[in-house]
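# Fold and geometry: a report
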Amino acid sequence: KENSKLKKMISAYSRAEYDAAEAHARELLKIFPDLVVCWKVLGSTLKKSGKLDQALEANENAISLSPGDFETHYNAGNTLRELKRPDRALQEYSLAISLNPKYPEAHYNKGVTFEDLSRPIDAKISYLSAICLEPNHVSARLNLANIYCGNNDHYEAEAEYRKIIKIVPNHVIAYARLADT
């Protein structure tokens, strides 16, 4: 019976039926309060619903149950960033990266958080890490190009915009920024 409920929760989440996924997660957590996947789903659905404080609480429960799970730290970082708590978000992204250094989104989001803190050099390093792991990471390339532009390094910015256009031939923003460099 519980296996069926777990499948229903995961199925609802994968179909973007977040209210149903949240309800299934809460129901399962009443029976199995240590089931990490339920805390992850609950945190994710609450975040998508804009209930960020509750989402963070669910993220923290997942971390306490499975501190070696990179995804729990990554999810907490995303929630903390939305809560405008960038220093804590950076800590969680760093933990996620230490547990799984090959996950490009953690590097990318760490870069975005560094930019939130007006730390473009650190952001650049994070974007380059994401690009090393995933060369076609368009968002990382775009943010990197924008940093190059901000530093008046137009040659590097132009090169990144051209790489973006090669990956996504109709990328309007890359074309527009390329015209401005």
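Read on for a plain summary of the structure. (Residues numbered from 1 in each chain as written. Predicted model: local features only at pLDDT ≥ 70, side-chain atom pairs only at ≥ 80, totals over all residues. Heavy atoms only, no water.)

Broken down by element type, the protein chain carries eleven helices and zero strands. Projected onto its principal axes, the C-alpha coordinates of the protein chain cover approximately 60 × 30 × 25 Å. Looking at the protein chain as a whole, 40% of its 181 residues are labelled buried. Put simply, 43% of the contacts in the protein chain that link residues at least 6 apart link residues at least 24 apart. As displayed, the protein chain offers around 9,700 Å² of accessible surface, 52% of which is attributable to carbon and sulfur atoms. Separation between the mean location of the 24 positive side-chain charges and that of the 24 negative ones in the protein chain comes to 4 Å. (Helix = DSSP H or I, 4+ residues; strand = E, 2+ residues; numbered from the N terminus. Buried < 20%, exposed > 50% of the residue type's maximum accessible area, 1.4 Å probe, protein only. Contact = heavy atoms within 4.5 Å. Areas by Shrake-Rupley, 256 points an atom, 1.4 Å probe, with all protein chains shown as cover. Lys, Arg positive; Asp, Glu negative; His and termini not counted. Charge placed at Lys NZ, Arg CZ, Asp CG, Glu CD.)

Formed by 21 residues in total, the largest nonpolar core has its most connected members in Tyr108, Tyr127, Ala140, Tyr161 and Ile164. By residue number, the principal contributor to this core is helix α9 (residues 138–150), which donates seven residues. Other than its neighbours up to four places away in sequence, Tyr127 contacts Tyr108, Gly111, Val112, Glu115, Ala140, Asn143, Leu144 and Ile147. (Core = buried A, V, L, I, M, F, W, Y, C linked by side-chain atoms within 4.5 Å.)

Along the polypeptide, His73 turns up in helix α5 (residues 70–82). Excluding residues within four positions of it along the chain, His73 makes contact with Ile63, Pro67, Glu92, Leu95, Ala96 and Leu99.

Moving on: the environment of His137. Position of His137 relative to the elements: it lies in the loop between α8 (120–133) and α9. The exposure class of His137 is buried, given its relative accessible area of 4%. For the pair formed by His137 and Glu60, sequence separation is 77 residues and the distance between their alpha carbons is 29 Å. With near-sequence residues (within four places) excluded, His137 lies in contact with Pro104, Glu105, Tyr108 and Ile131. At 2.6 Å, the side chain of His137 forms a polar contact with the side chain of Glu105. (Polar contact = N/O pair within 3.5 Å; in protein donor to acceptor, adjacent residues only side chain to side chain.)

Here helix α10 (residues 154–167) contains 14 residues, and its C-alpha end-to-end distance of 20 Å stays within 8% of the 20 Å for a straight helix at 1.5 Å per residue. Along α10, the positions that sit buried rather than exposed are Ala157, Glu160, Tyr161, Ile164 and Ile165. Mapping the buried residues of α10 onto a view down its axis gives an arc of 140°, with all of them on the same face. Across α10 from its buried face, at more than 90 degrees, point the exposed residues Tyr155 and Lys166. Residues of α10 that are buried in the fold lie against α9 and α11 (172–180). (Expected span 1.5 Å × (residues − 1). Arc of directions from axis to C-beta.)

Across all of its chains, the model carries five aromatic pairs by this definition. Note on Tyr108 and Tyr127: the rings are 5.7 Å apart at their centroids and 40° apart in plane angle, and the pair reads as tilted. In this pair, Tyr108 sits in helix α7 (residues 104–116) while Tyr127 sits in helix α8, placing the two residues 19 residues apart along the sequence. An aromatic cluster is built from Phe70, Tyr74, Tyr93 and Tyr103, whose rings are joined through pairwise contacts. (Phe/Tyr/Trp six-rings, centres within 6.5 Å; stacked < 30°, edge-to-face > 60°.)

Geometric values such as these leave the question of function open.
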